[in-house]
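# Tertiary structure, described
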Amino acid sequence: MNDTTPQTGRDTEDDDGSMSRRSVLWTTAGVAGAGLGLGGLGGGSAAAAEGAHRPESAAPARKGRTMAGVPFERRGTVRVGLIGLGNRGGSMIDLYLAVPGVQVVAVCDPVRAKTEAAAAKVVQAGQPAPAVYTNGEDDYENLCKRGDIDFIHVATPWDVHFEMAKTALLNGKHVGVECPVAMRLDELWALVDLSERTRRHCMQLENCCYGRNEMRVLRMAHAGRFGELLHGAGAYNHDLRDLMFSPTYYEGPWRRLWHTRLRGDLYPNHGFGPVANYMDVNRGDRAVSISSFGTPALGLAEYREANMPPGDPSWKETYIESDRTISMVRTAKGRVIRLEHDVSTPHPYSRINSLGGTKGVFEDYPARIYVEPDHKDHQWGDFAAYADWDHWLWKEHANPPGGHGGMDYIMVFRLMQCMQLGLVPDFDVYDAATWTAPVPLSHLSVKANGAPQEIPDFTRGEWRKARSGVDSEKPGA
């Protein structure tokens, strides 16, 4: 998530420029040499999202055992390492330090000042000084090799999420990755396979699943208050133009350069994750296809024209990312999920966050509800009147610390609780792959004038089995 409050603030989660030197080297060379920014970009290129990486009707053979329903190993203290200490990682360290029974043992970022600031926070919290890894772009590999880390949090630019998650898994660590977990379909399959082979969890750290409204709607949906579920919607509609052209907010142009590579939904997780939870996607239903449509790419070029001086490096860039992408996801049960993405035009912040069924509907931004038999006058009802439906996590932590209205802390607290008590995590690698699959698939669909693209069954059939998720039971003493 990206704003200081869920509605109005500034980006943090996807702005962790702490590892962006390599991203800048990879991407600026490709943009300068290819005009459209599509050539010479390795795993981040548009070409890599196509061709050999199109989904297949049959899932590849499982190389390990399913991770669905697999609990963490119980441990009294969870030892954490953080990779990337920019806007997101630098703030998340505070939340780990706020959870009892969690020790931050190692931090990594090529910018020494960031590692020093992070280490100082750990010491100020009364913990031993953490090991510091700041020796170049690949020093995270040494952090992953340590024998005293249980969980690794990756908060770096998108370009390197896959390699870092892969390295963590291969070194026997559970890993959580900021959105999106990877940018290519073959990378998503690779993470699924690695998680199954190494018996370590690889999770998308989707904080929006832990928002107070989202968790309240989740409980109401599972209790049948909306009847049989029919449709939902989620989005990442957030005007980021000033931040993407800021010379200081992001460290380098890594995020803006993704707008020179792909045309579809670059950031589907915040909208998709909560609605997938409402509908028990991967837990009784599954997403089977996506059709995406995109507008012309005009917003960033217009902003550059009005605000950037001649000679700015951005003038070498040609933007192809649709200003607004609208996708329709179909599920095995015939439900429909609408996803939107727009960071290039002026508009208020919205994740839409809507759910409808045979007995009523909820819509967010602003939050409002209409469910039978409570409402029969065709007028929206006050969602605040349904506070009794709050998830136990929000009842137990009514005023959580941290940004994004407290959802960040709720996510960290619950993840650490699952590790300490040896519980099954609320979501797993199959959810990470499913929620991220719209990145490459929406690009293909937009290029094909909205032609449906198959969403792979990353669970290899496990989705048919009902199992727990974010709508969890409060653990016993």
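So, how was this worked out
- Residues numbered from 1 in each chain as written.
- Predicted model: local features only at pLDDT ≥ 70, side-chain atom pairs only at ≥ 80, totals over all residues.
- Heavy atoms only, no water.
- Patch = residues over 30% accessible without salt bridge, like charges linked within 9 Å, V, L, I, M, F, W, Y side chains within 5 Å.
- Areas by Shrake-Rupley, 256 points an atom, 1.4 Å probe, with all protein chains shown as cover.
- Salt bridge = Lys/Arg side-chain N within 4 Å of Asp/Glu carboxyl O.
- Buried < 20%, exposed > 50% of the residue type's maximum accessible area, 1.4 Å probe, protein only.
- Pairing = 2+ DSSP bridges.
- Helix = DSSP H or I, 4+ residues; strand = E, 2+ residues; numbered from the N terminus.
- pLDDT = per-residue confidence, 0-100.
- Contact = heavy atoms within 4.5 Å.
- Phe/Tyr/Trp six-rings, centres within 6.5 Å; stacked < 30°, edge-to-face > 60°.
- Lys NZ or Arg CZ within 6 Å of the ring centre and 35° of its normal.
- Axes fitted to C-alpha atoms, helices over the stretch in contact; angles between N-to-C directions.
- Parallel < 35°, antiparallel > 145°, perpendicular 65-115°, else oblique.
- Left-handed = near helix turned anticlockwise from the far one by under 90°.
- 1 Å grid on protein atoms, 1.4 Å probe; cavity = no way out; pocket = protein on both sides within 12 Å on 5 of 7 lines; lining within 4 Å.
- Points joined across faces, edges and corners; volume = space filled by probe spheres on them.
- Nonpolar A, V, L, I, M, F, W, Y, C, P; charged D, E, K, R; others polar.
- Expected span 1.5 Å × (residues − 1).
- Arc of directions from axis to C-beta.
- Core = buried A, V, L, I, M, F, W, Y, C linked by side-chain atoms within 4.5 Å.

Here the focus is a nonpolar patch on the surface. A cluster of nonpolar residues, Ile326, Met328 and Val336, forms a patch on the protein surface that exposes about 200 Å² of accessible area. Overall, the relative accessible area of 35% leaves Met328 in the partly exposed class.

Another point: the pairing of strand β13 (residues 368-371). Bridge analysis of strand β12 (residues 360-363) against β13 gives four bridges, and the strand direction is antiparallel. Counterpart to Phe362 in the pairing with β13 is Ile369. Counting the residues that bridge the hairpin from β12 to β13 gives four residues, and of these Tyr365 lies at a positive phi of roughly 65 degrees.

It should be kept in mind that the predicted coordinates are not to be read in detail where pLDDT is low. On average, the protein scores 89 in pLDDT, and the residues at 70 or more come to 88%. Below a pLDDT of 50 lies the segment residues 1-44, which in the model reaches 166 contacts outside its immediate sequence neighbourhood of four places, other chains included. Throughout residues 48-57 the model reports pLDDT below 50, and contacts reaching past four residues in sequence, or to other chains, amount to 23 contacts.

Right, let's talk about the packing of aromatic side chains for a bit. Per the stated rule, a full pass over the model turns up 15 aromatic pairs. Measuring from centroid to centroid gives 6.4 Å for Phe245 and Tyr319, while their planes differ by 85 degrees, and the two rings are edge-to-face. Separated by 74 residues along the polypeptide, Phe245 in the loop between α8 (241-244) and α9 (254-257) and Tyr319 in the loop between α11 (299-307) and β9 (325-331) bring together distant segments of the chain. By the ring-pair criterion, three or more aromatic residues cluster together here, those being Trp158, Tyr236, Tyr249, Tyr250, Trp254, Trp258, Tyr267, Tyr349 and Tyr365. Here the basic side chain of Arg368 rests over the ring of Trp380, its NZ or CZ set 5.1 Å away from the ring centre.

What follows is about the sheet that holds strand β7 (residues 229-237). Strands sit in the order β13-β12-β11-β7-β10-β9-β8-β14 across an open sheet of eight strands; the sheet is mixed. Strand pairing shows two members of the sheet lacking a second neighbour, β13 and β14 (453-454), which therefore form its edges. Against the sheet, helix α10 (residues 269-278) makes contact with β7, β8 (287-294), β9, β10 (336-342) and β11 (354-357), and its axis sits at roughly 160 degrees relative to β7, the strand it touches most.

Their axes nearest at 10 Å, the elements helix α2 (residues 87-98) and helix α3 (residues 112-124) cross at an angle of 15 degrees. Classified by the angle between their axes, α2 and α3 sit roughly parallel to one another. Note that α2 runs across α3; the crossing there is right-handed. Taken together, the residues of α3 that come into contact with α2 (itself represented by Gly90, Ile93, Asp94 and Leu97) are Ala118, Lys121 and Val122.

Attention shifts here to the sheet that holds strand β4 (residues 151-154). On the basis of which strands lie adjacent, the open sheet formed by six strands has the order β3-β2-β1-β4-β5-β6 and parallel pairing. Two strands in the sheet have a free side with no partner beyond their single neighbour: β3 (131-133) and β6 (202-204). Going across the sheet, the axis of each strand differs from the next one's by a mean of 25 degrees, ignoring polarity. Looking at chain direction, strand β5 (residues 174-177) and β6 are connected through three bridges and run parallel. When the sheet's bridge partners are listed, Val177 is paired in β6 with Gln204. Where α3 meets the sheet, it contacts β2 (102-108) and β3, and its direction lies at approximately 165 degrees from that of β2. Helix α5 (residues 161-170) rests against β1 (78-83), β4, β5 and β6 of the sheet, and its axis sits at about 165 degrees to β5.

Our focus in this paragraph is empty space enclosed by the protein. Where empty space is left can be seen by rolling a probe of water-molecule size over the atoms. Inspection of every chain in the model, using the stated rule, returns three cavities of 30 Å³ or more. What the largest cavity holds in volume is close to 60 Å³. When residues in the lining of the largest cavity are grouped by element, the largest group, three residues, is from helix α13 (residues 407-421). Here the residues of the lining of the largest cavity are counted per class, giving eight nonpolar, no polar and one charged.

For an α-helix the count is 3.6 residues per turn, leaving residues at separations of three or four pointing the same way. For α3, built from 13 residues, the straight-helix expectation of 18 Å at 1.5 Å per residue is met to within 8% by its first-to-last C-alpha distance of 18 Å. Buried within α3 we find Thr115, Ala118, Ala119 and Val122. Mapping the buried residues of α3 onto a view down its axis gives an arc of 100 degrees, with all of them on the same face. Looking at α3, the residues exposed on the side facing more than 90 degrees away from the buried face are Ala113 and Gln124. Check the buried side of α3 and you find it contacts α2, β2 and β3. Of the residues flanking the end of α3, it is Gly126, one or two places downstream, whose phi is positive at about 90 degrees.

Right, let's get into the nonpolar core. Among the nonpolar cores identified, the biggest contains 103 residues, and Tyr96, Phe151, Tyr210, Phe226 and Met416 are the most heavily contacted of them. At ten residues, α13 tops the list of elements feeding residues into this core. Residue contacts for Tyr210: discarding those within four places in its chain leaves Met215, Leu393, Trp394, Met407, Ile410, Met411, Arg414, Asp426, Phe427 and Val470.

A few words now on the pattern of salt bridges. Taken as a whole, this structure holds 31 salt bridges when the rule is applied. The closest approach of N and O atoms between Asp186 and Arg184, which form a salt bridge, is 2.6 Å. A relative accessible area of 15% places Arg184 in the buried class. The salt bridge involving Asp239 is made with Arg241; its shortest N-O contact spans 2.9 Å. On the accessibility criterion, Asp239 (19% relative accessible area) is buried. Here the salt bridges do not stand alone but share partners, grouping Arg62, Lys63, Asp193, Glu196 and Arg460 into one network.

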